Amino acid sequence: AVEGVRRLLVLLAAARANSSPVVSRALRSGSLLPGCLLALMSSSDTTAALDTAIPLLAWYAFNGAFNVENKRVLNELSYPWIISWVQLAAGIGIAVPAWLLGLRRPPLLTAAVLLRFLPIAVLHAAGHALQVAGIGAGSVYFGTIIKATEPLIGTLIAYAVDGKAAPWYVNLTFVPIVGGIAYAAAKPGAAADLSDLASFAAVAALSSTVFFALAKLLVKRLMTADMKRRHGLDAANTYSVLTCCSAALLLAPSYAAEGPAVLAALAAAEEGGSMVGRRLLLCGLYYFAYNECGFRVLDKLSPVSQAVANAAKRLVILFFAVVFLGEEASGRKLVGAGVAIAGVTSYSFARLRADAHARAKAKKAS
């Protein structure tokens, strides 16, 4: 970790000198990961010294690295329940030491607060397990396209829970999202054959998106100014606590489903499975790191910049899937993915306009 911090300081100095090749090499180096994580979670002075471009680049790099390594591990060890648990549990190894070493202010947790985390942790654990299972059954490229339905699902859930209907121009952006996904999923020469959307990979990805959308709705209600002031639950701490709770809840069912089989498979593997185990742990650190970097980045960016950054993130994942995993990117998939991502981007801007209009209307009424 000390060596990682040292390299991070070199990285920052190089970034300020616009030495982009150095930045790229450092982000690709696995030895940078521990120090990068600890530095990102350190004091506010250190965080303030980071340029926005550094965590943004790290967010994209860790996100892409997670999707690539996750798929590779799943190809060798097809046990999505255990793999998803290890990925969540790896975050405990980062969050807890950061609290104990004073690198981050620890949250003040009570039984009542943990009880409020319980339903969110169930949704988060289920969403992550289904996400991993879907990628294992299908491809990263296809799963990313399916998850572009997130705005539509989020809007439907908000309407079902709160009774709030989005303006017509927001709903209109769902047309390219759904159309792009359908076009990408349709089999060549048979535009009406959408059987791939009924595959386990598609259903798992869609179900994962639903669970994550529900969890996001509950998290927004949990993250109040009072919770931040009294319990130290800022965005990053909230995610860390959620990770710990989700890992604890997923342990028993994942071990019951696949635990003995995984232990037997690792024992039969080369080097007793130590190499696969290390890669699996690294994959978990990538998962925690990209979420940590995401919180940092989105907290710094304006709403418009957030919309662009999220759209670019999807393109980065698709790029990693094609370049590093060799997944097929047919013309139909490229066009469908482009239309769907354009629809997601349009939704983000339309949502910003709707929110601004609602605030202006409320202010005028008061």
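All figures in this text were calculated on a predicted structure; none of them were measured in a lab. (Residues numbered from 1 in each chain as written. Predicted model: local features only at pLDDT ≥ 70, side-chain atom pairs only at ≥ 80, totals over all residues. Heavy atoms only, no water.)

> Got a sec to walk through the overall build of the protein chain? Specific residues and values, please.
Along its length, the protein chain carries 17 helices and zero strands. Every one of the 366 residues in the protein chain was classed for burial, and the buried ones make up 46%. Across the protein chain, every contact between residues at least 6 apart in sequence was considered, and the portion connecting residues at least 24 apart equals 86%. (Helix = DSSP H or I, 4+ residues; strand = E, 2+ residues; numbered from the N terminus. Buried < 20%, exposed > 50% of the residue type's maximum accessible area, 1.4 Å probe, protein only. Contact = heavy atoms within 4.5 Å.)

> Give me the environment of Leu108: which residues, what numbers.
With respect to the secondary-structure elements, Leu108 resides in the loop between helix 6 (80–100) and helix 7 (111–137). The spacing of Leu108 and Lys228 is 120 residues in sequence and 9.8 Å in space, taken between C-alpha atoms.

> Summarise a nonpolar patch on the surface; cite the residues concerned and give the values.
Together, Leu115, Leu118, Val122 and Leu249 line one region of the surface with nonpolar side chains, adding up to about 350 Å² of accessible area. Here the element with the most residues in the nonpolar patch is helix 7; it accounts for three residues. Turning to its location among the elements, Leu249 is positioned in helix 14 (residues 235–268). (Patch = residues over 30% accessible without salt bridge, like charges linked within 9 Å, V, L, I, M, F, W, Y side chains within 5 Å. Areas by Shrake-Rupley, 256 points an atom, 1.4 Å probe, with all protein chains shown as cover. Salt bridge = Lys/Arg side-chain N within 4 Å of Asp/Glu carboxyl O.)

> Give me the packing of aromatic side chains: which residues, what numbers.
Scanning the model with the defined rule gives 10 aromatic pairs in all. Where Phe66 meets Tyr290, the ring centres are 5.7 Å apart and the plane angle is 40°; that geometry is what we call tilted. Residue Phe66 is located in helix 5 (residues 53–76), and its partner Tyr290 is located in helix 15 (residues 274–300); the two are separated by 224 residues in the primary sequence. One exposure class covers both Phe66 and Tyr290, and it is buried. Here Arg332 stacks its cationic end above the ring of Tyr183, 4.5 Å away from the centre of that ring. A cation over a ring is seen here: Arg353 above Tyr169, with NZ or CZ 4.6 Å from the ring centre. (Phe/Tyr/Trp six-rings, centres within 6.5 Å; stacked < 30°, edge-to-face > 60°. Lys NZ or Arg CZ within 6 Å of the ring centre and 35° of its normal.)

> Outline the packing of helix 5 against helix 7, listing residues and values.
Two elements in contact, helix 5 and helix 7, have axes whose closest approach is 9 Å; the angle formed by their N-to-C orientations is 70°. In this view, helix 5 runs roughly perpendicular relative to helix 7, as classed from their interaxial angle. Judged by the twist between their axes, the crossing of helix 5 over helix 7 is right-handed. On helix 7, the residues that touch Phe66, Asn67, Asn70, Lys71 and Leu74 of helix 5 are His128, Val132, Ile135 and Gly136. A per-class count over the contact of helix 5 with helix 7 returns four nonpolar, four polar and one charged. (Axes fitted to C-alpha atoms, helices over the stretch in contact; angles between N-to-C directions. Parallel < 35°, antiparallel > 145°, perpendicular 65-115°, else oblique. Left-handed = near helix turned anticlockwise from the far one by under 90°. Nonpolar A, V, L, I, M, F, W, Y, C, P; charged D, E, K, R; others polar.)

> Lay out the pattern of salt bridges in plain terms, naming residues and giving numbers.
Within the structure shown, the criterion is met by eight salt bridges. A salt bridge links Asp226 to Arg229; its shortest N-O distance comes to 2.9 Å. A residue pair is termed a helical-turn pair when its members lie 3 or 4 positions apart in one helix, as Asp226 and Arg229 do in helix 13 (residues 225–231) at three residues. In this structure Asp226 comes out as partly exposed when scored by relative accessible area, which is 29%. Taken together, the salt bridges that share partners define one network made up of Glu69, Glu76 and Arg279.

> Which residues make up the nonpolar core, and what values go with them?
Counting 43 residues, the largest nonpolar core has Trp59, Phe62 and Phe117 as its most contacted members. Secondary structure elements with two or more residues in this core: helix 5, helix 6, helix 7, helix 12 (200–222), helix 14, helix 15 and helix 16 (303–325). Counting 38 residues, the second largest nonpolar core, distinct from the first, contains Ile83, Val170, Ile181 and Ala350. (Core = buried A, V, L, I, M, F, W, Y, C linked by side-chain atoms within 4.5 Å.)

> A description of the side chain of Thr173 should follow, citing residues and the corresponding values.
Here Thr173 shows up in the loop between helix 10 (168–172) and helix 11 (174–185). At 2.5 Å, the side chain of Thr173 forms a polar contact with the backbone oxygen of Val170. In this view, Thr173 contacts Gly343, Ser346, Tyr347 and Ala350; residues no more than four positions away in its chain are not counted. (Polar contact = N/O pair within 3.5 Å; in protein donor to acceptor, adjacent residues only side chain to side chain.)

> If you had to explain the packing of helix 11 against helix 17 (residues 331–365) to someone new, which residues and values would you point to?
It is at 7 Å that the axes of helix 11 and helix 17 come closest, and there the two elements cross at 160°. One finds that helix 11 runs roughly antiparallel with respect to helix 17. The element helix 11 and its partner helix 17 pack so that their crossing is left-handed. Contacts between helix 11 and helix 17 involve Phe174, Pro176, Ile177, Gly180, Ile181, Tyr183 and Ala184 from the former and Arg332, Lys333, Val335, Gly336, Ala337, Val339, Ala340, Gly343, Val344 and Tyr347 from the latter. For the contact of helix 11 with helix 17, the class distribution of residues is 12 nonpolar, three polar and two charged.

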